[in-house]
Amino acid sequence: MTARPISETVASLMPRARAELAELVAFQSVADPAVFPKSECEAAANWVADALRAEDFTDVALLDTPDGTQSVYGFLPGPAGAPTVLLYAHYDVQPPLDESAWLSPPFELTDRDGRWYGRGAADCKGGFIMHLLALRALKANGGVPVSVKVIAEGSEEQGTGGLERYAEAHPELLAADTIVIGDAGNFRAGLPTVTATLRGMTMLRVQLDTLEGNLHSGQFGGAAPDALAAMIQLLASLRDEHGTTTVDGLTGDTDWDGLQYPEAEFRQDAKVLDGVELIGTGTVADRIWARPAVTVVGIDCPPVVGATPSVQASARAQVSLRVPPGHDAAEATKLLTAHLESHAPWGARVSVEQVGQGQPFRADTSSPAYTAMAGAMRDAYPGQEMQSSGMGGSIPLCNTLASLYPQAEILLIGLSEPEAQIHAVNESVSPEELERMSVAEALFLHNYAESKKV
């Protein structure tokens, strides 16, 4: 099979793909009932299930996972003796954050400047559409040459581990010869990339209590221990003067020896303001792919509007720690917890709650599946060779699948690239990337099936 018929078929399917992505983006499928109704996730799950049934998948099921969400499963049988490939995506999304900062409604797919904007357009509802496009292109050009399992997760963004626990309890369900995780992306638009490593993650909530109740700052300020000030001091202990993460007992001096990320490009991609320095030391790739990184993702404190002159009795923060390959996320959790407990000033009472955890991941990029993907990407992106990069984000399911199926090859691809701004306002996907990555995935499935015949 040559790339041309596949690419022509995918091109002809793009209007349908845009319409379907618009339908899927319209669901406010944030897997947190405190933010959006659970019915939105349930409706999105049913949409995904119906899409699989329409493509002749059998055994389509909504899996009730232990965290109270649903993952969608389907199986498409291939030719006798063909290998089995598991295709992964997730239909849940991050909250839209400040909706007033979006240039168009976050749950309405909108065309602007050659991109499609909407929450989940790239991460990762677009990834599910990518899988559909690849399979449809193959069906139109001789048939799908492998057996395919699809799993669409319903709580990946929450990190609550529902699908991991379900897979561990039903290990036969997702067994496959190779697994394509469609939740990563290209280092840059137009540069085909597979992700070789993922940082793991731990998420903690820390609360400090210093007083029985808030006090008048004029009457008591200066001697009464201020819980908010204590929290600020505690959080500041997590970084040194360069901004490097400093959790007691956690080393952070590993170097990244692969594809590098020029600082000027990173500043542009991250939209760093002029005159503001980057934090940390080492190369950018060292800092974002190979070393631990702590981020304060939320603080409960009085807002500026309506604030009163009070000494605060309690303060709470949520802290994320990204854990690179070579470190154990459970051990990092213990170290971060101990650090928070020991660095609270003035004898403030400390309570720490774990709300999420996932192990880092390292792929075997020398495997036959990667060779098949390299050829597919070369054909889908003429003149470009496949690159391998790290990714600072976490996909905890990868380690679960690697543990359950140690012989399976795991590849990470997807539609994210710097302009996609996943997890931020104005998330978008490049329709050209969707088209080319769908071609690459279709060609990969063909190449992989052929390699197994040898």
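- The chain appears in an unreviewed UniProt entry as Peptidase M20 from Streptomyces microflavus DSM 40593.

Description of the overall build of the chain
So, step 1. In terms of helices and strands, the chain carries 12 helices and 18 strands.
So, step 2. Radius of gyration (C-alpha) of the chain: 23 Å, near the 22 Å computed for a compact globule of 454 residues.
So, step 3. Viewed in the frame of its principal axes, the chain has a C-alpha envelope of about 80 × 45 × 45 Å.
So, step 4. Relative to all contacts within the chain whose residues are 6 or more apart in sequence, the contacts with residues 24 or more apart total 80%.
So, step 5. About 19,000 Å² of surface is accessible on the chain, with carbon and sulfur atoms providing 51% of the total.
So, step 6. On the chain, the mean spot of the 30 positive side-chain charges and the mean spot of the 59 negative ones are 3 Å from each other.

Some remarks on the packing of helix 1 (residues 3-25) against helix 3 (residues 125-139)
So, step 1. Two numbers describe how helix 1 lies on helix 3: the axes approach to 9 Å, and their chain directions differ by 145°. When you trace helix 1 past helix 3, the crossing you get is right-handed. Packed against helix 1, whose contacting residues are Ile-6, Thr-9, Val-10, Leu-13, Met-14, Arg-16, Ala-17, Glu-20, Leu-21, Leu-24 and Val-25, the element helix 3 presents Lys-125, Gly-126, Phe-128, Ile-129, Leu-132, Leu-133, Arg-136, Ala-137 and Leu-138 at the interface.
So, step 2. When the residues that make up the contact of helix 1 with helix 3 are grouped by side-chain class, the tally is 14 nonpolar, 2 polar and 4 charged.

Some remarks on the UniProt feature "domain: Peptidase M20 dimerisation" (unreviewed entry) in the chain
So, step 1. Here, UniProt's "domain: Peptidase M20 dimerisation" (unreviewed entry) annotation points to residues 206-347.
So, step 2. Note that residues 206-347 is 31% helix and 18% strand, and that its end C-alpha atoms are spaced 15 Å apart.

Overview of the domain arrangement of the chain
So, step 1. Domains assigned within the chain are domain 1 (1-196 + 360-450) and domain 2 (199-253 + 290-356).
So, step 2. Measuring from the centre of the C-alpha atoms in domain 1 to the corresponding centre in domain 2 gives 35 Å.
So, step 3. Across the contact, 8 residues belong to domain 1 and 10 residues belong to domain 2.
So, step 4. Interface area for domain 1 against domain 2, summed over the two sides, is near 710 Å², with a carbon-plus-sulfur share of 52%.
So, step 5. One can count 2 residue pairs in polar contact (both at pLDDT 80 or more) joining domain 1 with domain 2.
So, step 6. Of the residues belonging to the side of domain 1 that touches domain 2, the class tally is 3 nonpolar, 4 polar and 1 charged.

Looking at the pairing of strand 3 (residues 84-90)
So, step 1. Among the 7 residues in strand 3, 7 count as buried, and that is most of the element.
So, step 2. Burial along strand 3 is two-sided: Thr-84, Leu-86, Tyr-88 and His-90 and Val-85, Leu-87 and Ala-89, pointing in opposite directions, are all buried.
So, step 3. Pairing geometry for strand 3 and strand 7 (residues 178-181), over 4 bridges, is parallel. Bridge pairing in strand 7 places Tyr-88 opposite Ile-181.

A closer look at the pattern of salt bridges
Side-chain pairs of opposite charge can arise whenever the charged atoms involved come near each other.
So, step 1. Enumeration according to the criterion identifies 21 salt bridges in this entry.
So, step 2. Lys-139 is paired through a salt bridge with Asp-56; the nearest N and O atoms lie 3.6 Å apart. Taken as a pair, Lys-139 in helix 3 and Asp-56 in the loop between helix 2 (38-54) and strand 1 (58-64) lie far apart in primary sequence, 83 residues in all.
So, step 3. Taking the relative accessible area as the measure of exposure, Lys-139 reaches 34% and is therefore partly exposed.
So, step 4. Here Glu-385 makes a salt bridge to Arg-378, at a shortest N to O gap of 3.0 Å.
So, step 5. Judged by relative accessible area, which is 36%, Arg-378 ranks as partly exposed.

Topic: the sheet that holds strand 8 (residues 193-198)
So, step 1. Pairing is mixed in the open sheet, where 3 strands are placed in the order 15-8-16. The open sheet has two edge strands, strand 15 (361-362) and strand 16 (387-391), and neither has a second partner.
So, step 2. As paired elements, strand 8 and strand 15 share 2 bridges and run antiparallel to each other. Of the residues in strand 15, the one forming a bridge with Leu-198 is Phe-361.

A few points about the pairing of strand 6 (residues 147-153)
So, step 1. A large share of strand 6 lies buried, amounting to 7 of its 7 residues.
So, step 2. Here strand 6 shows two buried faces, one formed by Ser-147, Lys-149, Ile-151 and Glu-153 and the other by Val-148, Val-150 and Ala-152.
So, step 3. Pairing analysis gives 5 bridges linking strand 2 (residues 70-76) to strand 6, with the strands arranged antiparallel. Bridge pairing in strand 6 places Phe-75 opposite Lys-149.
So, step 4. Judged from the 7 bridges that link them, strand 3 and strand 6 form a sheet pairing that is parallel. Following the sheet pairing, Val-85 is matched in strand 6 by Val-148.

Reading the values: rules and limits
- Residues numbered from 1 in each chain as written.
- Predicted model: local features only at pLDDT ≥ 70, side-chain atom pairs only at ≥ 80, totals over all residues.
- Heavy atoms only, no water.
- Helix = DSSP H or I, 4+ residues; strand = E, 2+ residues; numbered from the N terminus.
- Rg over C-alpha atoms; globule rule 2.2 N^0.38 Å.
- Contact = heavy atoms within 4.5 Å.
- Areas by Shrake-Rupley, 256 points an atom, 1.4 Å probe, with all protein chains shown as cover.
- Lys, Arg positive; Asp, Glu negative; His and termini not counted.
- Charge placed at Lys NZ, Arg CZ, Asp CG, Glu CD.
- Axes fitted to C-alpha atoms, helices over the stretch in contact; angles between N-to-C directions.
- Left-handed = near helix turned anticlockwise from the far one by under 90°.
- Nonpolar A, V, L, I, M, F, W, Y, C, P; charged D, E, K, R; others polar.
- UniProt positions renumbered as here; feature names shortened; annotations may be inferred.
- Domains from an automatic or database assignment.
- Buried area = accessible area lost by both parts, 1.4 Å probe.
- Polar contact = N/O pair within 3.5 Å; in protein donor to acceptor, adjacent residues only side chain to side chain.
- Buried < 20%, exposed > 50% of the residue type's maximum accessible area, 1.4 Å probe, protein only.
- Pairing = 2+ DSSP bridges.
- Salt bridge = Lys/Arg side-chain N within 4 Å of Asp/Glu carboxyl O.

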